[in-house]
Amino acid sequence: MEMKDFSLEGKVAWVTGASYGIGFAIASAFATAGAKIVFNDINQAAVDRGLANYKEAGIPVKGYVCDVTNEEAVNATTEEIVKEFGSIDILVNNAGIIKRIPMLEMKASEFRQVIDVDLNAPFIVSKAVIPYMIKKGHGKIINICSMMSELGRETVSAYAAAKGGLKMLTRNIASEYGEYNIQCNGIGPGYIATPQTAPLREKQPDGSRHPFDQFIVSKTPAARWGNAEDLQGPAVFLASDASNFVNGHILYVDGGILAYIGKQPQ
Ligand code: NAP
Ligand code: GCO
C-alpha cells in the first residue's frame, strides 16, 4: 500500500445537493485530496449559496441547477459534466429531505416525496452516471444512508423506508456493476449537527436543551453530536483506490450509536 492510494488527484467528483452541510464537507475533503468538484442543487439561489461557500473555502468548483428527482434534468447535467470535465469518477448521492410527521397523519403524497428524493433520485443519478464509469473502467459511488437505514423511530416512516431502501440499492449496484470495477458503498452518518437536524437541537423556552438533543448525546458513546467534518475521512477513503475491494458496504460513522445498548439505569 502507498499513501497515494488515498489521493483523489486527477479524479472528477460529483456531490449532489452539496451547497452546505454534509455534502459541502465531503466535497471540500475531496478537493483537499486532489479531486475536481462539481455539485448541484435544486435551484439557482441554493447553487449561488454553495458557490459562495466554496469560494470562501478557496475551492474551485462548478455548480449546476438540477433537481435530482427529474430524470431528464439529471441526464442533461450528467452529459454537461462529462462534456466539460471528461468523466465522472466519483458520485456521492447526498441530496436528501426528511419530513417528521407521525405515520397516521402523513399524506401518501408526502411519503412519496421523501421516497422520491431519498431513494428514487440516487437510482436516477446512478443510472445516468454508471455507463460513463463502465466506459472509463472504474467508478466510485457513495450513497449517504442514515441511522434510519437500520433503526426506526416515531415520525420518520418515509425517511426510514427510503434510507433502508438506499442501503439495499447500494448493495444491488455493487452486485450488478462490481465486475466493471465500480465500487458502490454507503456512509451511514449518525446524528450530525446540520440545518436538517437543527429542530432536534433547538433550545427550550426556558433555555434548557431540547430533550431529543439530550437523548442523542446519551445514546452516543462518543457523548456528542457528530459534525459534518467527521464524515470527511471515511468519504475520502471510500472514494479512493485504498477501498478498491470494499463493495456494497455501509460504513456507519455514528460515534458508536449502533454498537450501544444504551445507558443502564443508575
Ligand atoms: P440537508 O438539508 O438534508 O441537505 C441536503 C441538500 O440536498 C440540500 O442542499 C438540499 O437543498 C438538497 N436537495 C434537497 N432536495 C433536492 C433535490 N430534489 N434536488 C437537488 N438537491 C436537493 O442537510 P444534511 O444534513 O447535510 O444532509 C445531507 C444528506 O445526509 C441527506 O441525504 C441526509 O438525509 C443525510 N443524513 C443527514 C444526517 C444528519 O444528521 N444531518 C444524518 C444521516 C444522514 P435545499 O436546502 O435547497 O433544499
Ligand atoms: C431524525 C433525524 C435523523 C438523522 C439521520 C440519522 O429525525 O431522526 O433527522 O433521521 O437526520 O439521518 O442518521
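Residues numbered from 1 in each chain as written. Chains lettered and ligands numbered in written order. Predicted model: local features only at pLDDT ≥ 70, side-chain atom pairs only at ≥ 80, totals over all residues. Heavy atoms only, no water.

1. Let's talk about empty space enclosed by the protein
In the structure shown here, the tally under the stated rule is one cavity of 30 Å³ or more. Its boundaries defined by the atoms lining it, the largest cavity holds a volume of some 30 Å³. Along the walls of the largest cavity sit T16, V68, N93, N94, A95, V117, A121, P122 and V125, which together make up its complete lining. Per element, the largest residue contribution to the lining of the largest cavity is four residues, and it comes from helix 4 (residues 108-136). Of the residues assigned to the lining of the largest cavity, the class counts are six nonpolar, three polar and no charged. (1 Å grid on protein atoms, 1.4 Å probe; cavity = no way out; pocket = protein on both sides within 12 Å on 5 of 7 lines; lining within 4 Å. Points joined across faces, edges and corners; volume = space filled by probe spheres on them. Helix = DSSP H or I, 4+ residues; strand = E, 2+ residues; numbered from the N terminus. Nonpolar A, V, L, I, M, F, W, Y, C, P; charged D, E, K, R; others polar.)

2. Let's talk about the nonpolar core
Within soluble globular proteins, side chains that are nonpolar generally end up buried alongside one another. If you look at the biggest cluster of nonpolar residues, it comprises 31 residues, and the most contacted ones within it are F30, V92, I142 and I187. Those elements giving two or more residues to this core turn out to be strand 1 (12-16), helix 1 (21-32), strand 2 (36-41), helix 2 (44-56), strand 4 (90-93), strand 5 (139-144) and helix 7 (232-239). When residues in this core are grouped by element, the largest group, seven residues, is from helix 1. Look past the residues within four positions of I187 in its chain and what remains in contact with it is I142, N143, I144, C145, S146, L231, P234, A235, L238, I250, L251 and V253. Among the nonpolar cores identified, the runner-up in size contains 30 residues, and I115, V125, A128 and I173 belong to it. (Core = buried A, V, L, I, M, F, W, Y, C linked by side-chain atoms within 4.5 Å. Buried < 20%, exposed > 50% of the residue type's maximum accessible area, 1.4 Å probe, protein only. Contact = heavy atoms within 4.5 Å.)

3. So, the pairing of strand 5
Across the six residues of strand 5, six count as buried, placing the element largely inside the fold. Side-chain alternation along strand 5 places G139, I141 and N143 on one buried face and K140, I142 and I144 on a second face that is also buried. As judged from the four bridges shared by strand 4 and strand 5, these two strands associate in the parallel manner. Residue pairing in the sheet places V92 in a bridge with I142 of strand 5. Where strand 5 meets strand 6 (residues 182-189), six bridges bridge the pair, whose relative direction is parallel. By the bridge assignment, I141 is partnered in strand 6 with C184. (Pairing = 2+ DSSP bridges.)

4. Focus: the pattern of salt bridges
Should their charged atoms come close, side chains of opposite charge can pair. Scanning the model with the defined rule gives eight salt bridges in all. K11 is the salt-bridge partner of D241, the closest N and O atoms lying 3.7 Å from each other. Of this pair, D241 sits in the loop between helix 7 and strand 7 (250-253) while K11 sits in the segment before strand 1, placing them 230 residues apart in sequence. Note that R224 and D230 form a salt bridge whose closest N and O atoms lie 2.9 Å from each other. Owing to a relative accessible area of 39%, R224 belongs among the partly exposed residues under this scheme. (Salt bridge = Lys/Arg side-chain N within 4 Å of Asp/Glu carboxyl O.)

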